[in-house]
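Structural overview
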Amino acid sequence: MSFFSKLFGTTTKEEETMTNSKLKIGIILGSTRQGRVSPQVGEWVKGIADQRGDADYEIVDISEYNLPFLGTTDGTEPGIAAWNQKLASLDGFVFVVQEYNHSITGALKNAIDFAREAWYNKAAGIVSYGSTGGARAAEHLRGILGEVKVADVRTHPTLSLFTDFENGSVFKPQDLHQTNMTAMLDEVIAWSGALKTLR
């Protein structure tokens, strides 16, 4: 709010829009396989995020869009348009990433490739898991996000299949991850708000 607005109690249309519209952050589940644990991790992320009240957070499950492999069809499947519309409606992202052979899943890479401008000038955080916390997958994802003009934030919660999952299937995160989650979300919100001014 400007000085005169504070003084006289008036706001411009632009100020009203900025005040009344929360950022929209999508929590993207990066796996589509049967028996995946990413929905559990996504719900944990959303539970922490929703307590903040600083944005509207929603889980975005790429498996619901039934995306074909890029380049194998004529591109008219309804899921492709719906996927792009969903991404375009969001201001930032938190990727829930699992490590497969030292990288991200093919399904996530395919989903990223199915959009272009819908990614531009937005921010993202990464929550990864795997035998080494999914760190190598997260590093691969950072390079891909840079190509589609998504600014990834530095803080990165890493979850271990050995200490944060019971029998490798029931998600029971250690309390220490709360600190990194909070810091990562702080950065995602700050960067998402800043980058929104470029769009």
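Use the structure listed above.
The rules behind each value
- Residues numbered from 1 in each chain as written.
- Predicted model: local features only at pLDDT ≥ 70, side-chain atom pairs only at ≥ 80, totals over all residues.
- Heavy atoms only, no water.
- Helix = DSSP H or I, 4+ residues; strand = E, 2+ residues; numbered from the N terminus.
- Buried < 20%, exposed > 50% of the residue type's maximum accessible area, 1.4 Å probe, protein only.
- Contact = heavy atoms within 4.5 Å.
- Phe/Tyr/Trp six-rings, centres within 6.5 Å; stacked < 30°, edge-to-face > 60°.
- Salt bridge = Lys/Arg side-chain N within 4 Å of Asp/Glu carboxyl O.
- Polar contact = N/O pair within 3.5 Å; in protein donor to acceptor, adjacent residues only side chain to side chain.
- Pairing = 2+ DSSP bridges.
- Right-handed = clockwise from strand over helix to strand, strands pointing away.
- Expected span 1.5 Å × (residues − 1).
- Arc of directions from axis to C-beta.

Further remarks concern the overall build of the protein. Per the secondary structure count, the protein includes 7 helices and 8 strands. Considering the protein as a whole, with its 199 residues, one finds that 45% of them fall into the buried category. Put simply, of all contacts in the protein between residues at least 6 apart along the chain, 79% involve residues at least 24 apart.

Tracing the sequence through the fold places H140 in helix α6 (residues 135-147). On the basis of relative accessible area, H140 is assigned to the partly exposed category, the value being 44%. Dropping the residues within four chain positions of it, H140 is found in contact with H102 and S103.

A separate point is the packing of aromatic side chains. A full pass over the atoms with the stated rule returns 8 aromatic pairs. When the centroid spacing of 5.3 Å and the interplanar angle of 65 degrees are considered together, the rings of Y65 and W83 count as edge-to-face. Placement of the pair is Y65 in the loop between β2 (55-61) and α4 (78-88) and W83 in helix α4, with a sequence separation of 18 residues. Assigned by exposure class, Y65 and W83 land together as buried. Ring centres 5.0 Å apart and planes at 65 degrees place the aromatic pair F93 and W119 in the edge-to-face group. Of this pair, F93 sits in strand β3 (residues 92-98) while W119 sits in the loop between α5 (106-113) and β4 (122-130), and the two are 26 residues apart along the sequence.

A word on the pattern of salt bridges. With the rule as written, the count across this model stands at 13 salt bridges. Here D91 makes a salt bridge to R199, at a shortest N to O gap of 2.7 Å. Note that D91 is positioned in the loop between α4 and β3 and R199 in the segment after α7 (177-196), a separation of 108 residues in sequence. A relative accessible area of 7% places D91 in the buried class. For R199, a relative accessible area of 40% gives the class partly exposed. Three or more residues are tied together by salt bridges with common partners; here these are R52, D54 and D186.

This part takes up the side chain of H156. Among the structural elements, H156 can be located in the loop between β5 (150-152) and β6 (158-160). A relative accessible area of 16% means that H156 is categorised as buried. Of the polar contacts made by the side chain of H156, one reaches the side chain of S128; its length is 2.7 Å. Setting aside residues up to four positions removed in sequence, H156 forms contacts with I126, S128, A135, A138, R142 and N180.

A separate point is the pairing of strand β1 (residues 23-29). Most of β1 sits out of view: 6 of its 7 residues are buried. Strand direction decides the pairing type here: β1 and β2, joined by 7 bridges, are parallel. Counterpart to I25 in the pairing with β2 is Y57. Read as a crossover between parallel neighbours, the route from β1 over helix α3 (residues 38-50) to β2 is right-handed. Bridge analysis of β1 against β3 gives 5 bridges, and the strand direction is parallel. In the sheet register, I25 faces β3, and the bridge partner there is G92.

This brings us to α3. The α-helix winds at 3.6 residues per turn, so residues separated by three or four positions along the chain end up facing the same way. The end-to-end C-alpha distance of α3, which contains 13 residues, comes to 18 Å, matching closely the 18 Å that a straight helix rising 1.5 Å per residue would cover. Taken residue by residue, α3 has S38, V41, G42, W44, V45, I48 and A49 as its buried positions. Projection of α3 onto a plane perpendicular to its axis shows the buried side chains occupying an angular sector of 160 degrees, all on one side.

That is the geometry; function is a separate question.
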